[in-house]
Amino acid sequence: MQPSSQASLQQVSRGNGTLPASTSTTAPSSYGALPAGPSVAVNGQVNTVSLPALQRYDQNRPASAHPYTGVQSDAGGPASDRPPSLPPSTSVHSSPSHRQGTLRGYVANSGVSSATAAPSSSSSDDDDEEEEDEEAGVDSSSSGSSASPVPNNYDSLEGGSYPVPPATDSSKAAPPFGFGYPNLQPAYQQSPASRNDSTPSYSGFNPPGYQQFSQPFPTMSQLSAALGGIGGVSELEVEGLRPVNLLQERNILPPGPVPPPEPNLSTDLRKVNCSSDTFRCTLTNIPQTQALLNKAKLPLGLLLHPFRDLTQLPVITSNTIVRCRTCRTYINPFVSFLDQKRWKCNLCYRVNDVPDEFMYNPVTRSYGEPHKRPEVQNSTVEFIASSDYMLRPPQPAVYLFVLDVSHNAVETGYLNIFCQSLLENLDKLPGDTRTRVGFVTFDSTIHFYNLQDGLSQPQMLVVSDIDDVFIPTPDSLMVNLKESKELVKDLLNTLPAMFTHTRETHSALGPALQAAYKLMSPTGGRVSVFQTQLPTLGAGLLQSREDPNQRSSTKHLGPATDFYKKLALDCSGQQIAVDLFLLSSQYSDLASLACMSKYSAGSIYYYPAFHRIHNLPLLGKFQKDLQRYLTRKIGFEAVMRIRCTKGLSIHTFHGNFFVRSTDLLSLANVNPDSGFAVQMSIDESLADTSLACFQAALLYTSSKGKRRIRVHTLCLPVVSQLSDVFAGADIQAITCLLANMAIDRAISSSLSDARDALVNAVVDSLTAYRNGVSGLQPAGLTAPAALRLFPLYVLALLKQKALRTGTSTRLDDRVFAMCEFKSQPLRHIMRMVHPDLFRVDNFSEQGALHLNNCVVPQPQLLQLTAEKLTREGAFLMDCGSVLYLWVGKSCSELFIRDVLGCPNHTSIPQNMVRNAFITISFFQHLVEDRTESAFSYYEFLLHIQQQMSK
C-alpha cells in the first residue's frame, strides 16, 4: 500500500499535515489589485487563480501602484487563464568569471575568461569602487536586435518576460509543486560518500535495533544493468543512484563539506556554468514533464544568492547590451550562433540579429568573433547601464539611524557600542561625495538632530506630538557626510551620555518610523532601526501576546497589526529599506515588527537578553555584525527578475522583498548577505530540448551612483528517466526549499502540519525511489546515495527553533529563526540546520594544506552525534553564526593550557569566552537534541520505515 500523501510538503491543499504553496501575507487592498495572469506566491501568499483542487490558493496578492514610480502591473488575461509557457522572472546573482564551452550546437566559446579591454573590463569585489562598483544596475539595450525604447517604469525598464500566450485549459496548470518530477537524463555526477569513518568512537557501540542485514546490495555493474535507461553512464554518475541502507550504513557523511551534484553537461559547458554558490537548483537534471516530476515526489526550485561578494566579476561597459527581442534574455554562454550575424535565444528560441558593435571583441581586439565576447564567455557578468534607462538620476547613498533611547535601551548599553562602532567605520560607509546621513532618537517623544554644516555643535529638536508627526527642519536633518563629518562625530561622542539618567520607559517606535519615512521619501535609502522593547505609544503600539503555555500556537506567529506592513510597502515605493536590530530581554512581538523589513527588502538582527556587561557573547556578536553591516556593499533602488526556458514557470517566491508585478521583485536595498528561493513548475513538455536554462538579472544603483545590471545564467540538462531525476537531486537545495515551504505552512496552518509535511516529503520520495527506480528491495530502509542525507537533514529541521514543538522556545526566538530560513543564503541555512563537528585536540598532517611553507591541519568532519564525543578530546561545532567548543574532562592539559590559557580542566570558567569560542556544559544537548517530540536519528529512520510500509 502506498503511503498517504495528504500531508506531503509538495501539496497545496490545507488538509491535515499538508504544506501550502506559500505563506506570506498580502498587501492591503489600498495598494492595488494584482492583475490576472500566472499565479505567483510571495512567501506563501498567492493570488487566486483557477487551478486544480490541490493547486488552489486562498488569497489575492496585490500588485502595487508604486508610490514612487506609479508603476502598475501589466494586465493579464482572465484569472482562469494560465499561459502554458510564461516563465515568471526574477533577478539573481551568479558566480564569477568562467571560460569557454560548447555543447549540442551551442556556441563554441574559446578561451577568454574575463574582459579587460576598453569597452569591457573585469573587477573584483574588492577593486576600486570609484571606477567599478559592484552594486546594482539597470537593464539597457541599444542598437540592432537589442534596441528597445526608453522605458517609463521599472517593469518596462528591465524588459519584461514572454508575451502572454493564448489561454489554455486549466487542467494543464502546474500541479502541486514537487509532487513529481520528470525522469532525468543521464545521472548527475556526484562524488561518492566516504563510508569509512576513522574518527574515534566508543568501542563496541551498537545500540539496540541496528541490525546487520546479510542481503548484499547490488554492485555498480548490476545497478547499471537493472537501470536499463542509463546504460553506458559512468560509475561516477551512477553513484547518485547507489542504494544505501540507512539502517545499516551509519557513517553517511562525506569526509568534507557535502558537494553539490555536478550537472551532466559537457566539459566546456561546465566550465562556463554558473557557480553553485550563486545559483542552485534542487534538481540538477530537469524532468522533461510535470508528470515525471510528480513521480519523483521532490520539489523543483531555485536557491539564489544574487549579490554575494565575488573575487572576480567581469564588468562590461558597452553602448550595446544584447538581448532577445522576444523574452528580453541577455546574451549568455548558452545561446547558439547560427552565423556571425544571427544568434538563437536559449530560453525562447527566437533568432535575433547580432548588432554590428557586438562583432568587435574588446579582449582580442579582433572583428567578426561575437562568440568570443566576454558576455558569451562568462555566466556571471555585470553591465554598466546607460542613463537612458534610468527612471531618475541615480540616488546617493543615504543612511538614517533610528535609535531607541528609552530607559530600557540605556540599561542594555547598546547605544555606547553602536556609537563607537559607527565612529570607527564612518569613513568605510559605502558611498561617495554625495553620501548623506541622519539620526533620529525616540522614547515617548521623537528627537531630530540638526547637523547642518556651519553649526558649532549638533542641535536637538524634540517633537512631542506623536499622533501627527512632522519634520521640524526638513533641509537640515539629512546632511552630506563629507561636509558635516565633524558634527556627526560630535553627536556620536555625546549621544550615549545625553540619556544616561533618563527615566522614560515608553517607546514610540511607530511614530519614529513615520518620521523616518517622511525624511527619506525624497531620495530613498536605508533606515537602520534599533529597538529594545515592545512599542507602547502611538501608531503601531503592541501588547504582549506571548503565553508560555501556547508558544507552539500558530496564531501568534503572524503580525498583530498591519501597521508595520503598510509602512513597509510605503517605504518600498519610495526606495527605502528598513533594517531592524532588536536587542530585547523580554517579548517584543517580533512577528509584528519583522514586517517592516520583510516587505521593504530589509534585514533582521536579533539579540535576546543583550547586555553590554552581563552577556559578553552577544556583545561580541553585535560588534561583529555592526562592523559587517556598516561596511558591506549595498545596492539601492533595485529590481530582480528570473527568466527560464519556455515551458517552465515560477509560482512562489521566498525572501524579503515586495512583488511589484507577477514576476518582478522590488528590492529597495540589496546586500551580499541575503538569499532568495523560488518554486517552479513545468507547464509544457521539454521534450524538444536537451537543456534548460535560468537567468537572473539584478538591476541596481551602486553606492557610487552608477546603474548596473548583474546577470547570472544557469544551464542544466533535461532528462526523461525517473532514475536520472533522483541521480541529480541536490539534497541541500531540496532541504532549504522545503524549510521555506514548511515555515509558510506553520504560519498559515499549524506547526504540526508543517512537521508532518516534512516527514511525508521524506517518506514519499524514498517510496518513489523504491517503487519506480531500483526495483531492488533489500531489507532495511533504502535510499539512493543522492538522498542518503535527506532523513538526517529533515530530522535536523524538526529540531530547529523554527519548527520544534513544546513550550521551551520563546515566541520571538521562533519567529526570528523563521525569518532566517526565509532570507539567508543556502550555505548559512545549512550551517544552522546541520552544523559541522570537528575534533581539534589531535591534529595530524594527514590531509593538511601546505601554504607558504606552513602546514595547516584539516580536521576531519565528524557525524553530528554524541557518540563521537569522548572525555579525552576537545570538539568544535561550527553553527555558522557561533562556534561552540566542548572540552572533555580528561582532555590533554597541554591543549587546555596552550589554547585556553588554563592549567587544567577544573580551572576553566563555566562562562568562558575567548575569540568567539564558547565553552559550555550543554554542548552534548546541542549535538543530540532531546526536546519534546524529538527523535534520535535511528528512531526517526524506524519511523520513516514504518510510514513507508503502510
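Residues numbered from 1 in each chain as written. Predicted model: local features only at pLDDT ≥ 70, side-chain atom pairs only at ≥ 80, totals over all residues. Heavy atoms only, no water.

Per an unreviewed UniProt entry, the protein goes by the name SEC24 homolog B, COPII coat complex component and belongs to Scleropages formosus. In its Sequence similarities (unreviewed entry) section, UniProt records this for the protein: "Belongs to the SEC23/SEC24 family. SEC24 subfamily." (UniProt positions renumbered as here; feature names shortened; annotations may be inferred.)

Colleague: Explain the overall build of the protein here, please?
Modeller: What the protein contains, in helices and strands, is 23 helices and 38 strands. Counting over 950 residues, the protein shows a buried share of 63%. Residue pairs in contact within the protein that sit at least 24 positions apart in sequence constitute 79% of those at least 6 positions apart. Of the roughly 33300 Å² of accessible surface on the protein, a fraction of 49% belongs to carbon and sulfur atoms. (Helix = DSSP H or I, 4+ residues; strand = E, 2+ residues; numbered from the N terminus. Buried < 20%, exposed > 50% of the residue type's maximum accessible area, 1.4 Å probe, protein only. Contact = heavy atoms within 4.5 Å. Areas by Shrake-Rupley, 256 points an atom, 1.4 Å probe, with all protein chains shown as cover.)

Colleague: Sorry, what's going on with the pairing of strand β15 (residues 398–404) here?
Modeller: Successive side chains on a regular strand alternate, one facing one side of the sheet and the next facing the other. Counting buried positions along β15 yields seven of seven residues, so the element is predominantly enclosed. The alternating pattern of β15 places V398, L400, V402 and D404 on one face and Y399, F401 and L403 on the opposite face, and all of these are buried. With seven bridges joining them, β15 and strand β16 (residues 436–442) adopt parallel strand pairing. Looking across to β16, one finds that L403 is bridged to T441. Where β15 and strand β20 (residues 525–531) come together, five bridges link them in parallel fashion. (Pairing = 2+ DSSP bridges.)

Colleague: I tried to follow the environment of R641 on my own but got confused; where do I start?
Modeller: Tracing the backbone shows R641 in strand β23 (residues 635–644). Note: C-alpha distance between R641 and S666 (25 residues apart in sequence) is 9.3 Å.

Colleague: Where do I start with a nonpolar patch on the surface in this structure?
Modeller: A grouping of M460, V462 and M498 is seen on the molecular surface, where their side chains present a nonpolar patch of about 250 Å² in accessible area. Turning to its location among the elements, M460 is positioned in strand β18 (residues 459–463). Using a relative accessible area of 35% as the deciding quantity, one classes M460 as partly exposed. (Patch = residues over 30% accessible without salt bridge, like charges linked within 9 Å, V, L, I, M, F, W, Y side chains within 5 Å. Salt bridge = Lys/Arg side-chain N within 4 Å of Asp/Glu carboxyl O.)

Colleague: Help me understand the UniProt feature "domain: Zinc finger Sec23/Sec24-type" (unreviewed entry) in the protein, please; the structure alone is not making it clear to me.
Modeller: In this structure's numbering, the residues bearing the UniProt feature "domain: Zinc finger Sec23/Sec24-type" (unreviewed entry) are residues 321–358. The annotated region residues 321–358 carries 0% helix and 26% strand content, and the separation between its end C-alpha atoms amounts to 9 Å.

Colleague: Is there a simple way to explain the UniProt feature "domain: Gelsolin-like" (unreviewed entry) in the protein in this structure?
Modeller: Under the feature "domain: Gelsolin-like" (unreviewed entry), the UniProt entry names residues 857–893. Helix makes up 3% of residues 857–893 and strand 32%, whereas the separation of the span's terminal C-alpha atoms amounts to 20 Å.

Colleague: Before we go on, may I ask you to explain helix α10 (residues 509–520) in this structure?
Modeller: In an α-helix there are 3.6 residues to a turn, and that puts residues three or four apart on one side. In this model α10 runs 16 Å from its N-terminal to its C-terminal C-alpha over 12 residues, within 8% of the 16 Å that 1.5 Å per residue would give. Within α10, nine of the 12 residues are buried, leaving the element largely enclosed by the surrounding structure. Listed as buried for α10 are L509, G510, P511, A512, L513, A515, A516, L519 and M520. (Expected span 1.5 Å × (residues − 1).)

Colleague: What is the right way to read the sheet that holds strand β9 (residues 336–339) from this model?
Modeller: Whenever strands of a sheet pair, they do so through backbone hydrogen bonds, lying parallel or antiparallel. Taken together, the three strands give an open sheet; going across it, the order is β9-β10-β11, and neighbouring strands pair in antiparallel fashion. Whereas interior strands pair on both sides, the edge strands pair on one side only; in this sheet they are β9 and β11 (351–353). The sheet shows a mean angle of 35 degrees between the axes of neighbouring strands, direction not considered. Summarising the sheet, β9 and strand β10 (residues 342–344) pair through three bridges and their orientation is antiparallel. Note on β10: the bridge partner recorded for S336 is K344. (Axes fitted to C-alpha atoms, helices over the stretch in contact; angles between N-to-C directions.)

Colleague: How should I be thinking about the nonpolar core in this particular structure?
Modeller: Inside soluble globular proteins, nonpolar side chains tend to come together where they are buried. I286, I446, F694, F726, F790 and L803 are the most contacted members of the largest nonpolar core, which totals 156 residues. C419, F610, L618 and L630 belong to the second largest nonpolar core, which has 40 residues in total. (Core = buried A, V, L, I, M, F, W, Y, C linked by side-chain atoms within 4.5 Å.)

Colleague: Before we go on, may I ask you to explain the packing of aromatic side chains in this structure?
Modeller: Given two aromatic rings, their pairing is described by the distance between the two centres and the angle made by the two planes. Within this structure, the stated rule accounts for 22 aromatic pairs. Between F401 and F418, the aromatic rings sit 5.5 Å apart at their centres with planes inclined by 55 degrees, giving tilted as the arrangement. Placement of the pair is F401 in strand β15 and F418 in helix α8 (residues 414–425), with a sequence separation of 17 residues. Residue classification places F401 among the buried positions, given a relative accessible area of 1%. F418 gets classed as buried once you look at its relative accessible area, which sits at 0%. Here the aromatic cluster, defined as three or more aromatic residues joined through ring pairs, consists of F401, Y414, F418, F439, F530, F581, Y605, Y607, F610, F622 and Y629. For R323, the ring lying beneath its charged end belongs to Y330, and the centroid distance is 4.3 Å. (Phe/Tyr/Trp six-rings, centres within 6.5 Å; stacked < 30°, edge-to-face > 60°. Lys NZ or Arg CZ within 6 Å of the ring centre and 35° of its normal.)

Colleague: Could you clarify how one ought to interpret unusual backbone geometry in this entry?
Modeller: Negative phi is the rule for most residues except glycine; trans is the rule for most peptide bonds. Unusually for a residue other than glycine, K297 sits at a positive phi of about 55 degrees. Position of K297 relative to the elements: it lies in the loop between α5 (290–296) and β7 (301–304). Backbone geometry places N853, a non-glycine residue, at a positive phi of 65 degrees. Here N853 lies in the loop between β32 (849–851) and β33 (854–856).

Colleague: Help me understand the packing of α8 against helix α9 (residues 485–498) in this model?
Modeller: In helix packing, the relevant descriptors are the interaxial angle and the interaxial distance, both defined with respect to the helix axes. Put simply, α8 and α9 touch, their axes get as near as 8 Å, and they point 160 degrees apart. Taken together, the axis directions place α8 and α9 in an arrangement best described as roughly antiparallel. The crossing of α8 and α9 is left-handed. Contacts between α8 and α9 pair L415, N416, F418, C419, L422 and L423 from the former with K489, L492, N493, L495 and P496 from the latter. (Parallel < 35°, antiparallel > 145°, perpendicular 65-115°, else oblique. Left-handed = near helix turned anticlockwise from the far one by under 90°.)

Colleague: Any chance you could explain the pairing of β7 here in plain terms?
Modeller: Here β7 shows no split at all, with G301 and L303 on one side and L302 and L304 on the other all buried. Alignment of strand β5 (residues 279–281) against β7, held across three bridges, turns out to be antiparallel. Note that in β7 the partner of R280 across the bridge is L303. Two strands pair when backbone bridges link them, and β7 and strand β27 (residues 676–682) are joined in this way by four bridges, in the antiparallel orientation. Paired with L302 across the bridge in β27 is V678.

Colleague: Which parts of the structure should I look at to understand the packing of helix α16 (residues 731–748) against helix α18 (residues 790–798)?
Modeller: At a minimum axis separation of 10 Å, α16 and α18 run at an interaxial angle of 30 degrees. It follows that α16 is roughly parallel to α18 by the angle criterion. For the element pair α16 and α18, the recorded crossing hand is right-handed. Listed contacts from α18 to I731, Q732, I734, T735, L738 and A739 of α16 are F790, Y793 and L797. Of the residues that constitute the contact of α16 with α18, the class distribution is seven nonpolar, two polar and no charged. (Nonpolar A, V, L, I, M, F, W, Y, C, P; charged D, E, K, R; others polar.)

Colleague: It is not clear to me how the pattern of salt bridges should be interpreted in this structure. Could you clarify?
Modeller: Think of it this way: side chains of opposite charge can pair up when their charged atoms draw near. Summed over the entire model, instances satisfying the criterion amount to 25 salt bridges. Across the pair R827 and D277 runs a salt bridge whose closest N-O atoms are separated by 2.8 Å. Here R827 is found in helix α20 (residues 826–833), whereas its partner D277 is found in the loop between α4 (267–272) and β5, with 550 residues between them in sequence. Across the pair R392 and E637 runs a salt bridge whose closest N-O atoms are separated by 3.0 Å.

Colleague: Honestly, helix α19 (residues 811–823) in this entry has me stumped. Any pointers?
Modeller: Over its 13 residues, α19 runs 19 Å from end to end, which matches the ideal 18 Å to within 8%, given 1.5 Å per residue. Counting buried positions along α19 yields 13 of 13 residues, so the element is predominantly enclosed.

Colleague: Can you help me understand the confidence of the model for the protein in this one?
Modeller: In the predicted model, the protein carries a mean pLDDT of 77, and the fraction of residues at 70 or more is 72%. Here residues 45–152 is a poorly scored stretch, pLDDT under 50, and it has 493 contacts once near neighbours within four places are set aside; other chains count. (pLDDT = per-residue confidence, 0-100.)

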